[in-house]
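Single-letter residue listing:
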Amino acid sequence: MTRSWTLTGGQTLLGDRFEAAPLHMAGGWITDAPGSGAGQYDASGRLILPGIVDLHGDGFEALVQPRPGVHFPYDLAYREADAQLISSGITTAYHGLTVSWEPGLRDIAITRALLAALERVAPMLACDTRLNIRWETFAIAHVDEVLGWLARRPGDILSLNDHTSANHKLGADSAKLGRMAVRMGLAPTEAKQAIAAVLARGDEVPAAMDRICAGAAALGCPLLSHDDMTPEDRRAGRARGVTVAEFPMSAEAAAEARAAGEPVILGGPNALRGESHNGALCATNAIRAGLCTVLASDYYYPSPFHAVWRLQDAGILPLARAWALVSANPAAAVGLDDRGALSPGKRADVLVVDPETRRIEAVFVQGRKVLTRG
């Protein structure tokens, strides 16, 4: 399959502006001139955009377990996720793979099986698929194992998550505890008891966090903090080498990150809906205030693509500027210097979009045309 193409007739996103210019790809990379034997693609009346880089997507969990206790083959789930990612314009994806103390869907045995399945199926996937390893800070027994994965898989990233400290406050009749209990395969009262038992080991957590952060930093792995509540949380993460704020819960925490020049990731569903589903920081307001630099799919793969259109429609950012939230900025946040923009020398990860229907008509991943819609 050819990795050399010339796209003509379209409006190409160059930096933060659209220009009527052809786009050349040769051998899977963007070039100044046409490649030998390049295929021709007529993009007349269309927008030519960089592929979306999604730093945090856990929508694949619903493909693994679409109903409580019902597991589908993991290889199949990854292939189905791949089809959904590509159709949503995502050409680089980091699946949020949780490393937890929980039983059920997030049991460590299932995490290991999901990792093994991804390594089997990755060569067959169209999307460049990696892992955002979501280490729960109370999963202290798995620190060495996670560091081993990061050493073996240098393209992955590590996110520090502490849901235990918040979840232990949930009442036995709360909807969130009910959802967690279903995921764990327990009754709500049993789930609450399990959380309390793990919380009792809280004095061991700081040392585990120090160790995993130091080990990941030594490997050159990007470190993300998840759900920072306060500026103090962000500063504590920074002291451990955490340089990206993922889903901060407050404007104050996001502002602390931005004041230090750190990327801030918020959810595409949040920006698309115009509000957070759990009452946290509103992505729309954060973007307006300059407190959000990256949008991720979170639990809904189509959301980054559609969120940037909503930002344009709401008069917050024109598309040419908003697109950086899902392409150049996430790539830069985790050190992917080879993608996120349509400039010579970058990977040829490209979307062709009809601006009237807002429909993705073609997707190229490193020069291979992996999706075409008439």
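Look a little higher up for the structure.
Residues numbered from 1 in each chain as written. Predicted model: local features only at pLDDT ≥ 70, side-chain atom pairs only at ≥ 80, totals over all residues. Heavy atoms only, no water.

1. Some words on the packing of aromatic side chains
Point 1. Per the stated rule, a full pass over the model turns up five aromatic pairs.
Point 2. An aromatic cluster is present here, built from Trp5, Tyr41 and Phe364 joined pairwise through their rings. (Phe/Tyr/Trp six-rings, centres within 6.5 Å; stacked < 30°, edge-to-face > 60°.)

2. Concerning the pattern of salt bridges
Side-chain pairs of opposite charge can arise where the charged atoms are in close proximity.
Point 1. Tallying each qualifying case throughout the model produces 26 salt bridges.
Point 2. Residues Arg46 and Asp354 are paired through a salt bridge, measuring 3.8 Å at the closest nitrogen-oxygen approach. Here Arg46 is found in the loop between strand S6 (39–42) and strand S7 (47–50), whereas its partner Asp354 is found in strand S16 (residues 350–354), with 308 residues between them in sequence.
Point 3. Judged by relative accessible area, which is 23%, Arg46 ranks as partly exposed.
Point 4. For the salt bridge of Glu262 with Arg238, the shortest nitrogen-to-oxygen distance reads 2.6 Å. With Glu262 in the loop between helix H10 (251–259) and strand S14 (264–267) and Arg238 in helix H9 (residues 231–239), this residue pair connects regions lying 24 residues apart in the sequence.
Point 5. Assessed through its relative accessible area of 7%, Glu262 is described here as buried.
Point 6. We classify Arg238 as partly exposed; its relative accessible area is 27%.
Point 7. Here the residues in one salt-bridge network are Asp228, Glu232, Arg234, Arg235, Arg238, Glu256 and Glu262, joined through shared partners. (Salt bridge = Lys/Arg side-chain N within 4 Å of Asp/Glu carboxyl O. Helix = DSSP H or I, 4+ residues; strand = E, 2+ residues; numbered from the N terminus. Buried < 20%, exposed > 50% of the residue type's maximum accessible area, 1.4 Å probe, protein only.)

3. Description of the sheet that holds strand S1 (residues 5–8)
Point 1. If you walk across this open sheet you meet the four strands as S5-S4-S1-S6, and the pairing is mixed. Strand pairing shows two members of the sheet lacking a second neighbour, strand S5 (29–31) and S6, which therefore form its edges. Taking each pair of neighbouring strands and ignoring which way they run, the sheet shows an average axis angle of 25°.
Point 2. Pairing analysis gives three bridges linking S1 to strand S4 (residues 23–26), with the strands arranged antiparallel. Across the sheet, the residue bridging to Trp5 is Met25, located in S4. (Pairing = 2+ DSSP bridges. Axes fitted to C-alpha atoms, helices over the stretch in contact; angles between N-to-C directions.)

4. As for the environment of Leu177
Point 1. Examined against the element boundaries, Leu177 turns out to sit in helix H6 (residues 175–184).
Point 2. Owing to a relative accessible area of 0%, Leu177 belongs among the buried residues under this scheme.
Point 3. Along the chain, Leu177 and Arg240 lie 63 residues apart, while their C-alpha atoms are 30 Å from each other.
Point 4. Once residues within four sequence positions are removed from consideration, Leu177 is found in contact with Leu170, Gly171, Ala172, Pro188, Ala191, Lys192 and Ile195. (Contact = heavy atoms within 4.5 Å.)

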